[in-house]
Amino acid sequence: MRASDLAELLLLAAIWGASFLFMRLAGPEFGALSLAFVRVAGAALFLLPLLAWRQGLGVWRGRLRALLAVGFLNSALPFALYAFAALHLPAGLSSILNATTPMWGALVAWVWLAQAPGAWRSLGLLLGFAGVVRLAAERTGLNLDASLGAVLACLLATLNYALGAVATKRWLPGVPPLAVAAGSQLAAALWLLPFGLWAWPAQWPSPAAWGHLAALALLCTGVAYILYFRLMARVGPTQAITVTFLIPVFAVLWGALFLAEALSLGMLGGGLLVLAGTALALGLWPRPT
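Residues numbered from 1 in each chain as written. Predicted model: local features only at pLDDT ≥ 70, side-chain atom pairs only at ≥ 80, totals over all residues. Heavy atoms only, no water.

A. How the structure looks around the packing of helix 1 (residues 3-30) against helix 11 (residues 243-258). Interaxial distance between helix 1 and helix 11 falls to 7 Å at its minimum, and their mutual angle equals 55°. By the criterion of interaxial angle, the relationship of helix 1 to helix 11 is oblique. Where helix 1 crosses over helix 11, the two elements pack in a sense that is right-handed. Packed against helix 1, whose contacting residues are Leu-9, Leu-10, Leu-12, Ala-13, Ala-14, Trp-16, Gly-17, Ala-18, Phe-20 and Leu-21, the element helix 11 presents Val-243, Leu-246, Ile-247, Phe-250, Ala-251, Trp-254 and Gly-255 at the interface. Taken together, the residues of the contact of helix 1 with helix 11 break down into 15 nonpolar, 2 polar and no charged. (Axes fitted to C-alpha atoms, helices over the stretch in contact; angles between N-to-C directions. Helix = DSSP H or I, 4+ residues; strand = E, 2+ residues; numbered from the N terminus. Parallel < 35°, antiparallel > 145°, perpendicular 65-115°, else oblique. Left-handed = near helix turned anticlockwise from the far one by under 90°. Contact = heavy atoms within 4.5 Å. Nonpolar A, V, L, I, M, F, W, Y, C, P; charged D, E, K, R; others polar.)

B. Representation of the confidence of the model for the protein. With 92% of its residues at a pLDDT of at least 70, the protein reaches an overall mean of 85. No element of the protein has a lower mean pLDDT than helix 10 (residues 237-240), which averages 74, and none a higher one than helix 8 (residues 177-198), which averages 95. (pLDDT = per-residue confidence, 0-100.)

C. Representation of the state of the cysteines in the model. In this structure the tally under the stated criterion is 0 disulfides. Not engaged in a disulfide, the cysteine Cys-154 finds its nearest cysteine sulfur in Cys-220; these two sulfurs lie 16 Å apart. Looking at Cys-154, the relative accessible area reads 0%, which means it is buried. (Disulfide = S-S within 2.5 Å. Buried < 20%, exposed > 50% of the residue type's maximum accessible area, 1.4 Å probe, protein only.)

D. Fine view of helix 5 (residues 101-113). Of all the positions in helix 5, only Thr-101, Pro-102, Gly-105, Ala-106, Val-108, Ala-109 and Leu-113 are classed as buried. Of the residues flanking the end of helix 5, it is Ala-114, one or two places downstream, whose phi is positive at about 55°.

E. Looking closely at the side chain of Arg-39. Tracing the backbone shows Arg-39 in helix 2 (residues 32-54). Despite being buried, Arg-39 has no salt bridge partner; Glu-8 is the closest side chain of opposite charge, sitting 17 Å away. At a separation of 2.7 Å, a polar atom in the side chain of Arg-39 contacts the side chain of Thr-221. Leave out the neighbours within four places in its chain, and Arg-39 touches Trp-16, Ser-19, Met-23, Phe-79, Leu-213, Leu-216, Ala-217, Cys-220 and Thr-221. (Lys, Arg positive; Asp, Glu negative; His and termini not counted. Salt bridge = Lys/Arg side-chain N within 4 Å of Asp/Glu carboxyl O. Polar contact = N/O pair within 3.5 Å; in protein donor to acceptor, adjacent residues only side chain to side chain.)

Pasting the structure below:
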């Protein structure tokens, strides 16, 4: 992985780490389905003019079914599931559960692409997972009194992220990252449109909630997916989704900086394990011959 790819990976992790805070802040006023719908619709409205200006909408020709599938797997369903979880789980815990995506990704790549993980990549994934468990233990004591359904929703969302990453690689090869990002968000908005309108809150959300949702849609979805699909095109799906190992580190950091959440030595230790596991999985550490 080149230095520029690593820089984008860290930037993407920082942005997506903030998304859990914005979901937690906006979710109670919008509700899960409406939050997910406005998130992807706002991202699509941001990305479509950029695509029309730079590459044209004709790049989608012959790929509408693939975009609908990727939009459902990578955005519509997981965003709705995470918006539901945000109503019941702390932002940090949701981000920690999100870090199971690389494990699902390795399994999906093994089954779908016949790409068995090597010994060093497997060790890196295990180290990263150990760091996630350490963070979870520090934040919750591993005593989850939150809804089991919310925890399962997070895990189902991460499975869909892994499926979406591989589906993008298989069904949309060579499609520019901006076209994939804009098309998948538009497709996700179409999937969620009837549910978002049906579940629209009776009381209009406050300006603060709209501000949090705008940041979630434009920065944490629109800009983030340009970075994500560009990384996927350069380094492949199984490496791109290792960004989820880094997201809990940033989610905890943003919580400490902006919400005055406690940042302990145990959390720092878990974060270092996550970083070490990610570095090993991405081949950033020298390996003995």
